[in-house]
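Examination of the molecular architecture
What follows is the residue order along each chain.
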Amino acid sequence: MATKSGTLDAYSLTDIPPETYLTWTKFTFPDEHDGRMAIAVSEQDARIINALYTILITVIFAITWDILRSLIVFLYAPKDMTRTNYVTMITTWNSSDPLHAIPMLLKHSFKVLSEILRKDNVIESTWKSFGLDAVVLLLAFGGCGGSVAVGLKFPGLLVIGTAAPVNPASVFYPEFNTTSVNGSLANGQYSSRSAVRAIASVEGYEAKIEQHVNMTISDTINSSDEQRYEIYYSYNVSGLDMGLQHLSHLTLHVQGQCNFDDSWYNPTASRFYNETVGFDAGYWEAYTVWPKNGSNEFIGDFVRYGMTMSIPLSRRHPPFAKFLSPNYTITSRGNPDNQETGRSYYSIVPSTAMRISYTPSKDAWYATQSQSSKNLAAQYPYEIKLRRPPLKCWEDNDWSYKSWRGKMAHLISTGADGSRAPVRLPPAIEVILSTQLVLPVILDLGRANIGGALKSASRAVSPDSAIDAENSSAREDMKRLILAAFLATRDIFRTAAIAGTAAADPINSINILKTPGGDYLEGTGDFIVVSRAVVALDFTQMIVVPVVLVCLLLILCGLWLARKMTKPDGKPGRFRRFALYASGLQAAQLYRLLDQALAARGKYPIWSHETSWVPFVSSSSPKELPVPELRVATNNYGNASHIVMRPRGQPQDQIGQPPTSYPTTSRMRPIGHRLCTRRQVQRKEE
């Protein structure tokens, strides 16, 4: 289920029903470490939450810039400000975001640097002034870059997958070790659904799935002009792949080998087709599988050592195969021996002989000869030869947990050698693993889907079920089965979750994950399922963002309270200077200062809230007082322009001359390095 670190996916062609998982429930999303706390929501809710958190991120960086501006004013504003410093501080304080401040401060800093290098203005353009510009620019670039980076990265950090915790009420697992009719039917239905989904998914996602499986073919050995080769395969399936919330380090290691065995063919027990007698369903080939000391033990539909079995001959039916194992009995899926050793044996006996083909082949299972039927020779010139060799295979299953490695017996209990895995499986997880993965999964797939196990069967052409022997091979059949086995192993818990939605049938009424009292075994809900309809969100990220926002708001409120609680005429120091600049550097306050400075003696506007961020014009101000306005003026030589502010109605020829002094009766004017209110000015003049 994992294609990359911490990411789960589903190769299924169909999605799972919504009742199989829980939403708005906190769970552990498995990853390569110890998992992450997550919460599952619907896809629609995830889009809304993502948009909401994007807004919160924007607000966080806006508040961060406000805090940075305050810290610049509080920490870096010089005690004795120069005009150059005032330009930097005013630009910074009146920039609503760092992107707005960067171009203006870049231009200003380059100008200051050029004057420093030319030594044109040694009083205003100093390294100290340039350092203030550099600090502000560094913070502005950091804030702007951080905002872009987090905006791009955060959605990926918030959304960690398309998975949700399983709904325990939907999990169903039949009792495999049973001889009852209902139990056998339940087992067949359960395995059949899993096999069909796995094989169908391989057809749709073969290229992706084979990235997780190692499969090699030995050099071809030609025998009687027919190909023989050995097949080696291996794959690993971890708890992360299975979707186990708390056992991501648990891993199943599978490796196996298959080779053809012509010696199993039993010609004396076979009944062949011949042109004289004709052909019907009463002809077969016989194979004695897993011969052992001449024994002939056979229990039900499961093979033991030395069984002679018949494979029917047919021309007009798709190929199929029988899957057999000496370790597989009707009362036990694996005995203690193969749980201790981890090795199981199985065989695949093909039923491909006499199938008609329109192309030739030399493959072990699909080697052709000339068509023996005169009626079919014109349309289908080839047929599959008799005596197709079975595949004899073994498979080793090892388990590991972090640094420990052992067999299934050591994982679920104490082994014969007294050792046991350093991890305890929850009862529900143990039941499923110990019964579902104790034998080769290929065996279950083949037995549950006999008609569709071979890839050539799905390529048979109607109405005569003719096959393309040239493009069919045992290696391609085995490749699909091995890939399907990997997928079915990975999805064993997903299969149990889906099976619960079909458990209303009386046949499936026995759920061994339920206790007699109706409770579910511990661990029944300890895995997740993948669905395109849900999204897993990182719970930590969902908490961190609002917490960071609240913390920044508290810091901003603290700075605001510090400014409000500092008296303008209080003890000189950094706090008083911060309170003075925080209000005085606002563009609205600067306009108020200029308006008062331009007022004529005895006719000045009356302003209130002169120490706050936004001043107000009082209604008691003189009505005839002219309003200052911005104009463009030229100097006396007419070769330079600049922006000035003059009272409305002032003659144009007076615009170019800046005032030589400020009215002494204005309500606010510069004194020393700070701005004073009118009351303070009067007190100093007295």
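The structure displayed is predicted, hence computed values, not measured ones.

1. Let's talk about the overall build of the protein
Across its full length, the protein holds 16 helices and 31 strands. Across the 686 residues of the protein, 48% fall into the buried class.

2. A word on the sheet that holds strand β19 (residues 356-357)
In sheet architecture, strand pairing relies on hydrogen bonds along the backbone and comes in two forms, parallel and antiparallel. In space, the 3 strands of this open sheet follow the order β19-β21-β20, with antiparallel pairing throughout. Unpaired on one side and paired on the other, β19 and β20 (368-370) mark the two borders of the sheet. Inspection of the sheet shows β20 paired to strand β21 (residues 382-384) by 3 bridges, in the antiparallel sense. Within β21, the position partnered with Ser 370 by the bridge is Tyr 382.

3. Examining the environment of Ile 16
Along the chain, Ile 16 falls in the loop between β2 (7-8) and β3 (26-29). Looking at Ile 16, the relative accessible area reads 8%, which means it is buried. When the C-alpha atoms of Ile 16 and Ala 533 are compared, they prove to be 8.9 Å apart, with 517 residues separating the residues in sequence. Apart from residues lying up to four places away in sequence, Ile 16 is in contact with Tyr 21, Arg 494, Ile 498, Val 529, Val 530 and Ser 531.

4. Considerations on the nonpolar core
The biggest cluster of nonpolar side chains holds 88 residues, and the ones touching the most others in it are Trp 399, Leu 433 and Met 478. Top contributing element to this core by residue count: helix α11 (residues 474-490), with 10 residues. Discounting chain neighbours no more than four positions away, the residues touching Leu 433 are Met 242, Leu 250, Trp 399, Met 408, Leu 425, Val 438, Ile 492 and Phe 493. Judged by nonpolar contacts, the second largest core, of 20 residues, contains Leu 68, Phe 74, Leu 105 and Phe 578.

5. Notes on the confidence of the model for the protein
Mean pLDDT over the protein works out to 78, with 76% of the residues at or above the 70 mark. Contacts for the low-pLDDT stretch residues 274-281, under 50 throughout, to residues beyond four places or in other chains number 10 contacts. This stretch, residues 653-686, has a pLDDT under 50; its non-local contacts, to residues over four places away or in other chains, come to 66 contacts.

6. A short note on the sheet that holds strand β4 (residues 36-42)
Strand order in the open sheet formed by 4 strands is β3-β4-β25-β5, and the pairing between neighbours is antiparallel. A strand with exactly one partner marks an edge of an open sheet, and here the two such strands are β3 and β5 (159-161). Within this sheet the neighbouring strands show an average axis-to-axis angle of 50°, counted without direction. Bridge count for β3 against β4 is 4 bridges, and the pairing is antiparallel. Note on β4: the bridge partner recorded for Phe 29 is Arg 36. Strands in contact with helix α1 (residues 43-76) are β4, β5 and β25 (534-538); relative to β4, the strand with the most contacts, it is inclined by about 115°.

7. Observations concerning the state of the cysteines
Per the stated rule, a full pass over the model turns up 1 disulfide. Through a disulfide, Cys 258 is tied to Cys 393; the S-S separation comes to 2.1 Å. Between Cys 258 and Cys 393, the S-S torsion sits near 115°, and that sign places the bridge as right-handed. Taken together, the residues span a long stretch of sequence, with Cys 258 in strand β11 (residues 250-260) and Cys 393 in strand β22 (residues 391-401) at a distance of 135 residues. For the pair Cys 258 and Cys 393, a shared accessibility class is recorded, and that class is buried.

8. Points about empty space enclosed by the protein
Enumeration over the complete set of coordinates arrives at 6 cavities of 30 Å³ or more. Tyr 190, Ser 191, Ser 194, Gln 436, Val 441, Asp 444, Leu 445, Ala 488, Ile 492 and Thr 495 together form the lining of the largest cavity. The set of elements that each furnish at least two residues to the lining of the largest cavity consists of α5 (181-209), α10 (441-448) and α12 (492-499). Here the lining of the largest cavity is composed, by residue class, of 5 nonpolar, 4 polar and 1 charged. Volume-wise, the second largest cavity comes out at about 80 Å³. Lining the second largest cavity are 11 residues, and of these Ser 194, Arg 197, Ala 198, Asp 491 and Thr 495 sit closest to its centre. Only α5, α11 and α12 provide two or more residues apiece to the lining of the second largest cavity. A class-by-class count of the residues in the lining of the second largest cavity yields 4 nonpolar, 4 polar and 3 charged.

9. As for the packing of helix α2 (residues 83-93) against helix α3 (residues 98-118)
A pair of packed helices can be characterised by two numbers: the angle between their axes and the separation between those axes. In the contact formed by α2 and α3, the axes pass within 10 Å of each other and the chain directions differ by 165°. Put simply, α2 runs roughly antiparallel to α3. Crossing of α2 against α3: the hand is left-handed. Residues Thr 84, Val 87, Thr 88, Thr 91 and Thr 92 of α2 lie in contact with α3, whose contacting residues are Met 104, Leu 105, His 108 and Val 112.

10. Details of the packing of aromatic side chains
Applying the stated criterion to the full structure yields 8 aromatic pairs. Pairing Tyr 53 with Phe 154 gives two aromatic rings, centres 6.1 Å apart and planes at 15°, and the pair type is stacked. One end of the pair, Tyr 53, is in helix α1; the other, Phe 154, is in helix α4 (residues 127-158), with 101 residues separating them in the sequence. Looking at Tyr 53, the relative accessible area reads 8%, which means it is buried. Owing to a relative accessible area of 5%, Phe 154 belongs among the buried residues under this scheme. On the numbers, 5.5 Å between centres and 85° between planes, the contact of Tyr 173 with Tyr 190 is edge-to-face. In this pair, Tyr 173 sits in the loop between β6 (163-165) and α5 while Tyr 190 sits in helix α5, placing the two residues 17 residues apart along the sequence. On the basis of relative accessibility, which here comes to 0%, the residue Tyr 173 falls in the buried class. Cluster of aromatic residues (ring-pair linked, three or more members): Tyr 229, Phe 260 and Trp 365. Across the ring face of Trp 93, the terminal group of Arg 69 is positioned such that the distance to the ring centre comes to 5.3 Å.

What counts and what doesn't
Residues numbered from 1 in each chain as written. Predicted model: local features only at pLDDT ≥ 70, side-chain atom pairs only at ≥ 80, totals over all residues. Heavy atoms only, no water. Helix = DSSP H or I, 4+ residues; strand = E, 2+ residues; numbered from the N terminus. Buried < 20%, exposed > 50% of the residue type's maximum accessible area, 1.4 Å probe, protein only. Pairing = 2+ DSSP bridges. Contact = heavy atoms within 4.5 Å. Core = buried A, V, L, I, M, F, W, Y, C linked by side-chain atoms within 4.5 Å. pLDDT = per-residue confidence, 0-100. Axes fitted to C-alpha atoms, helices over the stretch in contact; angles between N-to-C directions. Disulfide = S-S within 2.5 Å. 1 Å grid on protein atoms, 1.4 Å probe; cavity = no way out; pocket = protein on both sides within 12 Å on 5 of 7 lines; lining within 4 Å. Points joined across faces, edges and corners; volume = space filled by probe spheres on them. Nonpolar A, V, L, I, M, F, W, Y, C, P; charged D, E, K, R; others polar. Parallel < 35°, antiparallel > 145°, perpendicular 65-115°, else oblique. Left-handed = near helix turned anticlockwise from the far one by under 90°. Phe/Tyr/Trp six-rings, centres within 6.5 Å; stacked < 30°, edge-to-face > 60°. Lys NZ or Arg CZ within 6 Å of the ring centre and 35° of its normal.

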